Structures are given as C-alpha cells and as structure tokens.
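Structural features, examined
The chain contents come next:
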Amino acid sequence: MRRVLASLILITAFVAVGSTSHAFSLMDPGTWSWPQYDWSSLKLQDPNSWPFIPVPEVATDPNGGVTYGVLPVWLFTDDKNEITSILAPDINANSTLGPGGNFRYLGYPSADTQWYTVAGAQEIIARKVDLDYQTGREHKKNWFSFEGRFYFERDPTERFFGTGNNSHWGNQTNYTTEQLYGEAIFGLNLSEKLQVSLMERPRYVRIQTGGFTSLPDIHVLFPNQKGINGGSEVLSQAMVQYDSRDSVDIPRAGTLGRLYYGNADRRFGSSVSYNRFGGELRQYYSVNQRITFAGHIFNEYEPAGNEMPFWSQARLGGQESLLTDQETLRGYGAGRYIDNNLFVMNVEMRTRVWEKNVFGTHGILEVAPFAEAGRVSHELGYDPFSDLHPVGGVGFRGIAEPFVVGFVDLGWGGEGAAIFSGINYPF
C-alpha cells in the first residue's frame, strides 16, 4: 500500500534521535545483539536519555486516507557519526483498512552500496513486501552497477478515473492492485559519468475489489477497460545515462540525463506487446551554500494505440518520480492521470534554513517551494506544453548527511491540496 507519513516522522527520526546506537547490520550476524543501554540514565522528562524515540505517526494520502500510530526509531552510526542503518517498525490503524503495522530496515553501508527491507500489512486486504539491493551507485569504484528488487503488494487504495488528460473527478473508482515482480538492472560503467544498462522485469498483476466501499468499484464503472482482469508482462529495457551530479542522494550541482527504450512481447510471456521510449533530465545548481535550484523534465511515449493495459500505461501524480512507472505531480494522488504518453516538468528551490550537529549527526532542515506541471496524451503527435495541469506548493525536508532525506511536501492542484511524505527527494 502506498501510504505516506504526513507528519515530520522521518524528519524527526533522522535528525533528532536522542540516543545514538552502536553499529548494526542485518548482513552481519555479529552485530545482532540488542543496542546496549544504561537504563539507570533514563529520565522520562529528558528525551535525550531515551533508548529510542517513539514518534507519533499521522499518515495521510489522497488515495488511502488517514492512519494513526506510533513509530519507534533507532539510528545506528559508525565511528564517524554517519548513519549506517535505520530500524523503524510501527503499529498503526487506518480508519478504513483497520489495524496494522510495518517493519522497516534501511542499510547504508556506503554511498556506493545501499539496501532496504520493508514488510507490512493491514487487517483489510493490504499486504506488502519490498526488498531492494543496490551497488555501484556512484559509478566510480567498479566497472559495473547492479540493482536487484523483489516486490509484492496488495494495495486496496488505488484510484482510477478513466484514461486521458481530461479524465473526470466524478468518475473516480477504487480497486486493489495485486502484483508480484522481480527486477534486475545491470549497468556497464564506461566512465564515472557515462553508463549503459539493461533491465529485466517479469511482472504478474491482478485487479481486484478495492478496500473503500464509499467509491464505485472499477469493474462496475469501467468493465471494458483494457487490463481490467490483470495480466503479465516481461519488460526488457535498455538505457544510456550521463550523470555528473556531486551526490546520488543529496545533489547540489550537476546533471543527470537518461534515454531509454523498453519492450514487452507476447512471445516472451507478456499479455500484450508494446514498445516504450523516452528521456529524463535533472539539473542542479547551487546559488550559495544555502540555496540549490533543482529542475526535472520527463517525457515518455508508448506507441501502442489501444493495446496497453491501464496498469502499464504512463502514470502522472503522487510524490515519486519512478522512471517509466510513475511521475510526480504533487497536487494529485498517485496515478491520477493515465495514458500512453506523458510529459512533466518540475522545479524547486531547496533552501537550508537550519543546520547543526545534533546528537552526533549533522542535521539540516530545508524548505523548498516548488512548481510543476504535466499532462498525459493518447496520441503520439500531441503538444506537450498545452492543457497542462499546474501545481504549486512547498516542501519541508530533514537531512542527515551524507545519505538520508525525509520529506513532507504540500501541493495544491486543480482538485485541491495533497500532502505527501517519505524518504529521498521526489526527484
């Protein structure tokens, strides 16, 4: 379930944890002992003396509603006081989906290698397991890069309004996406800045009844929608990438440019055959030590006519920019606009308003006003700068250098306000 934490959960956790724990890694059984803590030093009135921070959790989502809970957070650091891992389980309750909880562990062995494991469930329908491992992220130490991911979910919060750039709010329906996929990306680093890569992703999808009875079911309003019964695809994708950013996680200067081509074919296990191609450009420019301008442009084409299942089409809306799968438009919920082709542009001014060494970690508070606009289209020959959906807003980010960013973004679009939060920059 794509829940977001619409409070300063991650910001508080990353830059204001009152007790730094010893080095710990799930990959090293020798570190599996519970953090040593002198209970005689505990003072309830002094959060700095607590063994962990019990962060109140208030989660909101334009699609998933409101969730309340508590999220205890442990940070584990090395002898340089840099975060090596984060343990953040939670217990919560959603007004529609009932009680539930999540286990989260994020590992930061280095800037070049990172991984995480997330698993959670709610009483009604929602289930999720997400495992990811990346190495060679900086393209500097090795001739290759690799990312492997396993993902399973049942997400009962999904919304569908019909396809097209003018899909109507009044046609909103709810459904559950059940999907399982494995993803492997192998990259050949031609230099520190230039890389070519190949991705393989077999994916299984089923569309089921959603968790929100207050909305019509997708099968009732859109019984003939392509892909309404789910399907499968084996997506192969080649990409060339130029990356001159000064940091993969917290960039303040440089350029990231990508061009890609993907293909799914019935002859190799897919329910439908299609091609997709596109490009992305991210640019970062620092005016001074406090202000960084970040810009993003993305364009994708899928010349498949009416053959594409809606769950494979380009999706616009939400807080994350995921190449080929979804692009951020923070005034709308995830997947608000869906069709074969997509264009979006985003810009924000990331301004550091507070910076201090707190509890052994270098903490930064950042405010980032942003503006963005995008659209989708069914036809290839459309004007990407016409009929755009504009969004404006402001983001609040907590940064624990050198790897960790927690964000809370508030955006306003043509259908009202939306609040998002999570880990990492939106782009």
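Residues numbered from 1 in each chain as written. Predicted model: local features only at pLDDT ≥ 70, side-chain atom pairs only at ≥ 80, totals over all residues. Heavy atoms only, no water.

Where strand 8 (residues 144–160) lies against strand 9 (residues 173–189), 15 bridges are found, and the strand directions are antiparallel. Paired with F146 across the strands is F186, a residue of strand 9. One ladder, built from 13 bridges, connects strand 9 with strand 10 (residues 194–209); its direction is antiparallel. Within strand 10, the position partnered with G187 by the bridge is S197. Connecting strand 9 to the antiparallel partner strand 10 that follows it, the hairpin turn spans four residues. (Pairing = 2+ DSSP bridges. Helix = DSSP H or I, 4+ residues; strand = E, 2+ residues; numbered from the N terminus.)

Before going further, it helps to spend a moment on the confidence of the model for the protein chain. Averaged over all residues, the pLDDT of the protein chain is 86; the fraction at 70 or higher stands at 86%. Taken together, the stretch residues 1–22 has pLDDT below 50 and engages in 107 contacts with residues farther than four places along the chain or on a different chain. (pLDDT = per-residue confidence, 0-100. Contact = heavy atoms within 4.5 Å.)

Here we take up unusual backbone geometry. Residue I125 is not a glycine yet carries a positive backbone phi of 70°. Secondary-structure assignment places I125 in the loop between strand 6 (113–122) and strand 7 (127–135). Given a relative accessible area of 27%, I125 falls into the partly exposed group. For D387, which is not glycine, the phi torsion reads 55° and is therefore positive. Among the structural elements, D387 can be located in the loop between strand 18 (361–377) and strand 19 (389–400). On the accessibility criterion, D387 (53% relative accessible area) is exposed. (Buried < 20%, exposed > 50% of the residue type's maximum accessible area, 1.4 Å probe, protein only.)

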